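Chains, contacts and geometry: an overview
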Amino acid sequence: MEEFIIDGKSVAIMSKAEIDHEISLAKIDRREINFNGKTLKALALAEKNIECGINMENALILGNVFLGNTTVNGNINLSGTVINGSFFFGRGRLIGNLILEKSWIDQTVNLVGANITGSLMFNQMRTGGFISVSKAVVLGDVDFRQMEVLDRYNNGLKIKGDIHFNNAQINGFLDLSQTSLTGDANLENALIRKKLTAKNL
């Protein structure tokens, strides 16, 4: 563990070696990778085949979570997690649910082209920047209720608080009820096989 001062408090941050060790142990023990309540600088697992789920519930990630082109065999749980960067799962494959309930993502959430056999559970998530589910396939439901999607300003450039579903396929329902957007919801060429609900959007 490395010690850092964050908001005047000493915080133990997992090193890369400790992160790699936990991933290896989870594989050996045939259990989920457990970063529950931990603090990480970042998590970069691009182009990997991960044979178990990832539990980052109530974790603090100081940078980005990058899982591009990665296959995860299990749930990815970020309930209550704070990510001070972006979450990227573009072109990834998830055999399970992606859970970001009550989480705070400081920047964008990008699932472009992802294939998810379970559901997206984002109830009460907050983010500064867009959410993209464009070209993704979700075999379960998309629960986007009571979210807050805000504009973000970066070096004078405005990133609108949009949600993009263009060319997505959702085999279950899509629920956007009571979600607050500073931008727009783009559903161009999206296929939603069950019900679309957007009460008080």
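Anything mentioned here points back to the structure above.
What comes next is a walk through the structure. (Residues numbered from 1 in each chain as written. Predicted model: local features only at pLDDT ≥ 70, side-chain atom pairs only at ≥ 80, totals over all residues. Heavy atoms only, no water.)

**Thoughts on the overall build of the protein**
In terms of helices and strands, the protein carries 1 helix and 33 strands. Relative to the 2.2 N^0.38 estimate, which gives 17 Å for 201 residues, the radius of gyration of the protein is 17 Å and therefore close to what a compact globule would have. Based on the C-alpha atoms only, the size of the protein along its principal axes is roughly 45 × 40 × 25 Å. Put simply, of all contacts in the protein between residues at least 6 apart along the chain, 21% involve residues at least 24 apart. About 9,700 Å² of surface is accessible on the protein, with carbon and sulfur atoms providing 45% of the total. Side chains of the protein carry 21 positive and 21 negative charges; the gap between the two charge centres is 4 Å. (Helix = DSSP H or I, 4+ residues; strand = E, 2+ residues; numbered from the N terminus. Rg over C-alpha atoms; globule rule 2.2 N^0.38 Å. Contact = heavy atoms within 4.5 Å. Areas by Shrake-Rupley, 256 points an atom, 1.4 Å probe, with all protein chains shown as cover. Lys, Arg positive; Asp, Glu negative; His and termini not counted. Charge placed at Lys NZ, Arg CZ, Asp CG, Glu CD.)

**Regarding the layout of surface pockets**
In this structure, the largest pocket encloses a volume near 380 Å³. Taken together, 20 residues make up the lining of the largest pocket; nearest its centre are Ile19, Asp20, Ile23, Ala44 and Leu45. Secondary-structure elements contributing two or more residues to the lining of the largest pocket are α1 (16–29), β5 (43–44) and β6 (49–50). Residue classes in the lining of the largest pocket are distributed as 11 nonpolar, 2 polar and 7 charged. (1 Å grid on protein atoms, 1.4 Å probe; cavity = no way out; pocket = protein on both sides within 12 Å on 5 of 7 lines; lining within 4 Å. Points joined across faces, edges and corners; volume = space filled by probe spheres on them. Nonpolar A, V, L, I, M, F, W, Y, C, P; charged D, E, K, R; others polar.)

**Some words on the nonpolar core**
Core analysis: the largest hydrophobic core is formed by 47 residues, its most contacted members being Met56, Phe87, Leu98, Leu120, Phe122 and Phe144. The contact partners of Leu98, leaving out residues within four places of it in the chain, are Ile76, Leu78, Phe87, Leu111, Ser119, Leu120, Met121 and Phe122. (Core = buried A, V, L, I, M, F, W, Y, C linked by side-chain atoms within 4.5 Å. Buried < 20%, exposed > 50% of the residue type's maximum accessible area, 1.4 Å probe, protein only.)

**A look at the sheet that holds β5**
Spatial ordering of the open sheet is given by β5-β9-β13-β17-β21-β27-β31, a layout of 7 strands whose pairing is parallel. Bordering the open sheet on either side are β5 and β31 (185–186), each of which pairs with just one other strand. Sheet topology places β5 next to strand β9 (residues 65–66); 2 bridges connect them, and they run parallel. Its bridge partner lying in β9, Ala44 is registered against Phe66. (Pairing = 2+ DSSP bridges.)

**Observations concerning the side chain of Ser79**
For Ser79, the location among the structural elements is in the loop between β11 (76–77) and β12 (82–83). Its relative accessible area of 12% is what places Ser79 among the buried residues. Leaving out residues up to four positions away in the same chain, Ser79 has contacts with Glu57, Asn58, Ile99 and Glu101.

**Topic: the side chain of Asn55**
Looking at the secondary structure, you find Asn55 in strand β7 (residues 54–55). Under the relative-accessibility criterion, Asn55 is labelled buried at 8%. Those residues in contact with Asn55, other than ones at most four positions away along the chain, are Glu32, Ile33, Asn34, Phe35, Asn36 and Asn77.

**Remarks on the packing of aromatic side chains**
The full count for this structure, using the stated rule, is 3 aromatic pairs. The interplanar angle of 20° and the centroid separation of 4.8 Å between the aromatic rings of Phe122 and Phe144 together place this pair among those described as stacked. One end of the pair, Phe122, is in the loop between β19 (120–121) and β20 (126–128); the other, Phe144, is in the loop between β23 (142–143) and β24 (148–150), and 22 residues separate them in sequence. Owing to a relative accessible area of 0%, Phe122 belongs among the buried residues under this scheme. Judged by its relative accessible area of 0%, Phe144 falls in the buried class. Centroid distance Phe144 to Phe165: 5.7 Å. Interplanar angle 40°. Geometry classified as tilted. A residue pair is termed long-range when its members are at least 10 positions apart, and Phe144 in the loop between β23 and β24 and Phe165 in the loop between β27 (163–164) and β28 (169–170) qualify at 21 residues. Members of the aromatic cluster, connected to one another through ring pairs, are Phe122, Phe144 and Phe165. (Phe/Tyr/Trp six-rings, centres within 6.5 Å; stacked < 30°, edge-to-face > 60°.)

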